[in-house]
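The chain contents come next:
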Amino acid sequence: MATEGQSEYESVLCVKPEVSVYRIPPRASNRAIRAADWKLDAPDWTGRMRVTARGKAAFVKLEDKISGELFAQAPVEEYPGITVETVSDSSRYFVLRIQDDNGRSAFIGIGFGDRGDAFDFNVALQDHFKWVKQEDEFKKQAQTPDTTPKLDLGFKEGQTITLNIGQSKKRDRSRPQSSGGFGLLPPPPGGKLAPPPSSRSTNHSTEPSTGGSDTGFLLDLDGSNSNSAGWEASNTATTASSDLWGDFDSVSPK
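Predicted, not measured: the structure shown is a model, and the values here were computed from it. (Residues numbered from 1 in each chain as written. Predicted model: local features only at pLDDT ≥ 70, side-chain atom pairs only at ≥ 80, totals over all residues. Heavy atoms only, no water.)

Undergrad: Quick question: what am I supposed to make of the overall build of the chain here?
TA: Helix and strand counts for the chain stand at four helices and seven strands. Beginning at the N terminus, the succession of helices and strands in the chain can be written as α-β-β-β-β-β-β-β-α-α-α. The buried share among the 254 residues of the chain stands at 20%. Intrachain contacts of the chain at a sequence separation of at least 6 include 53% that bridge at least 24 residues. With an accessible surface of roughly 20800 Å², the chain has 54% of that area assigned to carbon and sulfur atoms. (Helix = DSSP H or I, 4+ residues; strand = E, 2+ residues; numbered from the N terminus. Buried < 20%, exposed > 50% of the residue type's maximum accessible area, 1.4 Å probe, protein only. Contact = heavy atoms within 4.5 Å. Areas by Shrake-Rupley, 256 points an atom, 1.4 Å probe, with all protein chains shown as cover.)

Spelled out as structure tokens, the structure:
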């Protein structure tokens with residue numbers, strides 16, 4: 001039966017085509033490790049590095065460039081930690097604790113020719129263990145019951161609610177008044193506003209002349225006389241015509 005670690009799939013976090021391995025002198029004290037103490041111009045081994053993850057653990061594997069044969073690997077349980085350490089005088093070199101199948105371990109130095117490769121290696125381990133930390137927090141939250149009081153929005157026993165559906169207030173459609181308080185009447189439909197009176201008629205008053213009124217009066221008298229004369233003439237013609245027919249009526253047949 002497979003164990004829990006063996007049943008989980010392995011994912012690749014980072015691959016670097018070239019890495020150098022150095023033998024490092026034993027650590028004499030707790031002082032910081034310096035890459036300048038290594039033989040940087042003569043690495044003991046050169047190959048490929050592959051960083052993988054299986055479950056919560058990460059593995060730094062040193063493999064042959066051509067055949068892919070495993071040279072050494074370092075299981076990483078936490079980062080930063082004792083398995084992978086940085087040096088004090090360079091960002092391209094690290095101290096790695098490798099371990100074999102029998103559990104024996106040793107410390108070696110590894111280095112990258114490019115500073116960008118060293119940065120990618122560092123970020124790959126940081127991102128993995130950041131994800132592991134988040135997963136642990138999620139599991140703790142799922143196992144811990146929520147003790148915070150919850151907001152109860154339900155109806156209490158005997159509580160009712162009234163809804164008024166289909167009843168809306170009538171809007172006030174009263175005509176707005178001007179600021180002075182007097183309403184303006186609308187213009188008549190189809191009509192036009194009369195132009196304002198000219199300044200001459202409003203500013204200067206003219207008095208009617210006396211002669212003009214007398215002349216109009218005389219014209220009225222003449223008109224009245226002419227009208228009466230015409231009426232008399234029409235009456236005379238009517239009388240004459242009636243008399244003419246009267247002559248024909250007075251003649252008796254012989």
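Here the narrative resumes, following the displayed structure.
Undergrad: Whenever I open this one, the sheet that holds strand β5 (residues 84–86) confuses me. Can you help?
TA: Sheets are built from strands that pair by backbone hydrogen bonding, the pairs being arranged parallel or antiparallel. Overall, antiparallel pairing links the seven strands, which are arranged β4-β3-β2-β1-β7-β6-β5 in an open sheet. Lying at the two open borders of the sheet, with one neighbouring strand each, are β4 (70–76) and β5. Strand-to-strand twist of the sheet, defined as the mean angle between neighbouring strand axes without regard to direction, takes the value 30 degrees. Two strands pair when backbone bridges link them, and strand β2 (residues 45–54) and strand β3 (residues 57–63) are joined in this way by seven bridges, in the antiparallel orientation. Bridge pairing links Met49 to Leu62 in β3. The sheet strands contacting helix α2 (residues 115–143) are β1 (10–22), β2, β3, β4, β5, β6 (93–99) and β7 (105–111), and the helix crosses β1 at an angle near 145 degrees. (Pairing = 2+ DSSP bridges. Axes fitted to C-alpha atoms, helices over the stretch in contact; angles between N-to-C directions.)

Undergrad: What is the right way to look at the packing of aromatic side chains in this model?
TA: Aromatic rings considered in pairs are described by the distance between their centres and by the relative angle of their planes. Here the structure, examined in full by the defined rule, presents seven aromatic pairs. Geometrically, the ring pair formed by Trp45 and Phe71 is stacked, given 4.4 Å between the ring centres and 5 degrees between the ring planes. Residue Trp45 is located in strand β2, and its partner Phe71 is located in strand β4; the two are separated by 26 residues in the primary sequence. Given the relative accessible area of 43%, Phe71 is considered partly exposed. Through pairs of rings, three or more aromatic residues link up here, namely Tyr22, Trp38 and Tyr93. (Phe/Tyr/Trp six-rings, centres within 6.5 Å; stacked < 30°, edge-to-face > 60°.)

Undergrad: Help me understand the pattern of salt bridges, please; the structure alone is not making it clear to me.
TA: Any two side chains of opposite charge can pair, on the condition that their charged atoms come close. Overall, the coordinates contain nine salt bridges when judged by the stated rule. A salt bridge links Glu10 to Lys61, with the shortest nitrogen-to-oxygen separation between them at 3.1 Å. Residue Glu10 is located in strand β1, and its partner Lys61 is located in strand β3; the two are separated by 51 residues in the primary sequence. Owing to a relative accessible area of 35%, Glu10 belongs among the partly exposed residues under this scheme. Since its relative accessible area comes to 13%, Lys61 is described here as buried. Between Glu63 and Arg48 there is a salt bridge; the shortest N-O distance is 2.5 Å. Taken as a pair, Glu63 in strand β3 and Arg48 in strand β2 lie far apart in primary sequence, 15 residues in all. Assessed through its relative accessible area of 4%, Glu63 is described here as buried. (Salt bridge = Lys/Arg side-chain N within 4 Å of Asp/Glu carboxyl O.)

Undergrad: Sorry, what's going on with the nonpolar core here?
TA: Across soluble globular proteins, nonpolar side chains have a tendency to be buried as a group. Of all hydrophobic cores here, the largest spans 25 residues; its most connected members are Met49, Leu62, Val84, Phe94, Leu96, Ile110 and Phe121. When residues of this core are traced back to their parent elements, those giving at least two are β1, β2, β3, β4, β6, β7 and α2. Excluding residues within four positions of it along the chain, Phe94 makes contact with Trp38, Tyr79, Val84, Glu85, Thr86, Ile108, Gly109, Ile110, Phe112, Ala118 and Phe121. If you look at the next biggest cluster of nonpolar residues, it comprises seven residues, including Tyr22, Trp38, Val87 and Val95. (Core = buried A, V, L, I, M, F, W, Y, C linked by side-chain atoms within 4.5 Å.)

What is shown is where atoms sit, not what they do.
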